[in-house]
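Inside the fold
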Amino acid sequence: MSRQAIPNLDLSHIAGPDHADADLHYEALGTLASQLGRSMAMHRHDQFFQVHYVLNGMVRVQLEDRLYRLQAPMVFLTPPAFLHAFVTDDDADGHVLTVRPRSLGPMPRDGMAWPGDGAQIAPVCLPIEALEGEYAAEAHCMDLLFGLLRREHAERRPGQAQSLTLLARLIFISLLRLSSEALASPPPCREELQLFQQFSALMEAHFREHWTLPRYAADLAIGEQRLNEVCRRMTGKPPKRLINDRLMQEARRLLLYTGQAVSQVGYELGFDDPAYFGRFFLRQAGESPGIYRARMAGALERQAAGQDVPARAQDA
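Residues numbered from 1 in each chain as written. Predicted model: local features only at pLDDT ≥ 70, side-chain atom pairs only at ≥ 80, totals over all residues. Heavy atoms only, no water.

**A short note on the overall build of the chain**
When its secondary structure is counted, the chain shows 12 helices and nine strands. Considering the chain as a whole, with its 316 residues, one finds that 51% of them fall into the buried category. Here the contacts in the chain between residues at least 6 apart in sequence split such that 73% fall between residues at least 24 apart. Surface accessibility of the chain: about 14,100 Å² in total, with carbon and sulfur atoms responsible for 50%. (Helix = DSSP H or I, 4+ residues; strand = E, 2+ residues; numbered from the N terminus. Buried < 20%, exposed > 50% of the residue type's maximum accessible area, 1.4 Å probe, protein only. Contact = heavy atoms within 4.5 Å. Areas by Shrake-Rupley, 256 points an atom, 1.4 Å probe, with all protein chains shown as cover.)

Quick look at the structure:
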């Protein structure tokens, strides 16, 4: 399966069209989950590094052909164009840093490979509580830096852009110092990995058409039970949940970042009846599309005004 079959999410998808050209973006994990959901299907970011520092809950991460299932606190780094997918618990919170390599700038020549120098940086997946000695001390420094990053992002003080960039550089220094402790993970069964990637590509192409599970299974030339086993092994979720999560991810994005009427969002997502779309959204999110849009618009306005907006656990 080609990489072109996997979605390439830029900052307009992650943070909205106003941030499409940004070099750096920070978001609390809970806030981002309320906008995109807790289940992120296989995707890539061709122009960005992304760091997820998850503070609580269980996390499933797929980095190319490697699978990890970790209890937070944990951190994972995905380099540009690196295929990845992840699922977090409904109450998980933490930090997400998205940054272009160029914004990190050149690194003093002390032997450390550095993104701003065009170095090939490997992905990192790291359980924090397992660290000891100097690595535990470094992880504590990284934790403090993420806290400062969150505060700096929220308060809109003079020199904010420069401060955020410097904090991002320091976070990357910590991550690269810790990278020697990154987990190795045996690759999953090659057949299962290929099946899951094929299912992910089919889902991306056809989730708006509301394909049934028998149709997905038939196109993959496998039984529904086998499809269910593969999806659960790779993500901890059944295929129907993954499809619904993808629909909700797109619904949230359209409600937040377009001016389309709720009914038009439903039509764009393949719902013939706006009332059915409303019931679907309510079942998945616990609130109607209109209430979600109004609540999140208010939260984004407060955030833009410099007020730190805590995420609700039930958002995702």
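**Let's talk about the nonpolar core**
Among the nonpolar cores identified, the biggest contains 32 residues, and Phe-196, Phe-199, Met-203, Tyr-216, Leu-269, Phe-277 and Phe-281 are the most heavily contacted of them. Of the residues forming this core, the biggest block, nine residues, is contributed by helix α9 (residues 239-257). Excluding its chain neighbours within four sequence positions, the residues that come into contact with Phe-281 are Met-248, Ala-251, Leu-255, Gly-286, Glu-287, Ser-288, Pro-289 and Tyr-292. Membership of the second largest hydrophobic core comes to 31 residues, among which are Ala-28, Tyr-53, Leu-97 and Met-142. (Core = buried A, V, L, I, M, F, W, Y, C linked by side-chain atoms within 4.5 Å.)

**Details of the layout of surface pockets**
By volume, the second largest pocket is sized at about 220 Å³. Forming the walls of the second largest pocket are His-19, Ala-22, Leu-24, His-25, Tyr-26, His-153, Arg-156, Gln-160, Ala-161, Leu-164 and Thr-165. Going through the elements one at a time, β1 (24-28) and α5 (160-178) are the ones with two or more residues in the lining of the second largest pocket. When residues in the lining of the second largest pocket are grouped by element, the largest group, four residues, is from α5. (1 Å grid on protein atoms, 1.4 Å probe; cavity = no way out; pocket = protein on both sides within 12 Å on 5 of 7 lines; lining within 4 Å. Points joined across faces, edges and corners; volume = space filled by probe spheres on them.)

**Brief notes about the sheet that holds strand β5 (residues 66-71)**
What links the strands of a sheet is backbone hydrogen bonding, and the strands pair in either a parallel or an antiparallel sense. Within the open sheet, the four strands sit side by side as β2-β7-β4-β5. Their pairing is antiparallel. Edge positions in the sheet fall to β2 (39-43) and β5, since each of these pairs with one other strand and no more. Taken pair by pair, the neighbouring strands of this sheet meet at an average axis angle of 10 degrees, ignoring direction. In this sheet, strand β7 (residues 84-88) lies alongside β2 in antiparallel orientation, the contact comprising three bridges. (Pairing = 2+ DSSP bridges. Axes fitted to C-alpha atoms, helices over the stretch in contact; angles between N-to-C directions.)

**A word on unusual backbone geometry**
A cis amide bond links Ala-72 to the next residue, Pro-73, at an omega of 10 degrees. By the element assignment, Pro-73 lies in the loop between β5 and β6 (74-78). With a phi close to 55 degrees, Arg-156 is a non-glycine residue in the positive phi region. Counting through the fold element by element, Arg-156 comes out in the loop between α4 (133-155) and α5. Within the chain, His-210 stands out as a residue other than glycine whose phi angle is a positive 55 degrees. Among the structural elements, His-210 can be located in the loop between α6 (190-206) and α7 (213-220). With a relative accessible area of 31%, His-210 lands in the partly exposed category.

**Some thoughts on the environment of His-45**
Relative to the helices and strands, His-45 is located in the loop between β2 and β3 (49-54). With a relative accessible area of 2%, His-45 lands in the buried category. Sequence-wise, His-45 and Pro-80 are 35 residues apart; in three dimensions their C-alpha atoms are separated by 5.5 Å. Ignoring any residue separated from it by four or fewer positions in sequence, one finds His-45 in contact with Asn-8, Leu-9, Ile-14, Gln-50, Pro-80, Ala-81 and His-84.

**So, α6**
With 17 residues, α6 extends 24 Å from end C-alpha to end C-alpha; this agrees with the ideal 24 Å at 1.5 Å per step. Considered for burial, the residues of α6 that qualify are Glu-192, Leu-193, Leu-195, Phe-196, Gln-197, Phe-199, Ser-200, Ala-201, Leu-202, Met-203 and His-206. In this fold, the buried residues of α6 make contact with β2, β4 (58-63), α7, α8 (224-235) and α9. (Expected span 1.5 Å × (residues − 1).)

**Some remarks on the packing of aromatic side chains**
Evaluated as defined, the whole model comprises 10 aromatic pairs. Aromatic side chains Phe-199 and Tyr-216 sit 5.4 Å apart centroid to centroid with 70 degrees between the ring planes, which places their arrangement in the edge-to-face category. Taken together, the positions of Phe-199 in helix α6 and Tyr-216 in helix α7 put the pair 17 residues apart, joining distant regions of the chain. Here the aromatic cluster, defined as three or more aromatic residues joined through ring pairs, consists of Phe-271, Tyr-276, Phe-277, Phe-280, Phe-281 and Tyr-292. (Phe/Tyr/Trp six-rings, centres within 6.5 Å; stacked < 30°, edge-to-face > 60°.)

**Description of the pairing of β5**
Bridging between β4 and β5 involves six bridges; their strand directions are antiparallel. The residue of β5 that forms the bridge with Arg-60 is Arg-69.

**Topic: the packing of helix α2 (residues 29-36) against α9**
Two elements in contact, α2 and α9, have axes separated by 7 Å at closest approach and are oriented at 95 degrees. Classified by the angle their axes make, α2 and α9 are roughly perpendicular. Facing Ala-33, Ser-34, Gln-35 and Leu-36 of α2, the residues of α9 in contact are Gln-249, Arg-252, Arg-253, Leu-256 and Tyr-257. Here the contact of α2 with α9 is composed, by residue class, of four nonpolar, three polar and two charged. (Parallel < 35°, antiparallel > 145°, perpendicular 65-115°, else oblique. Nonpolar A, V, L, I, M, F, W, Y, C, P; charged D, E, K, R; others polar.)

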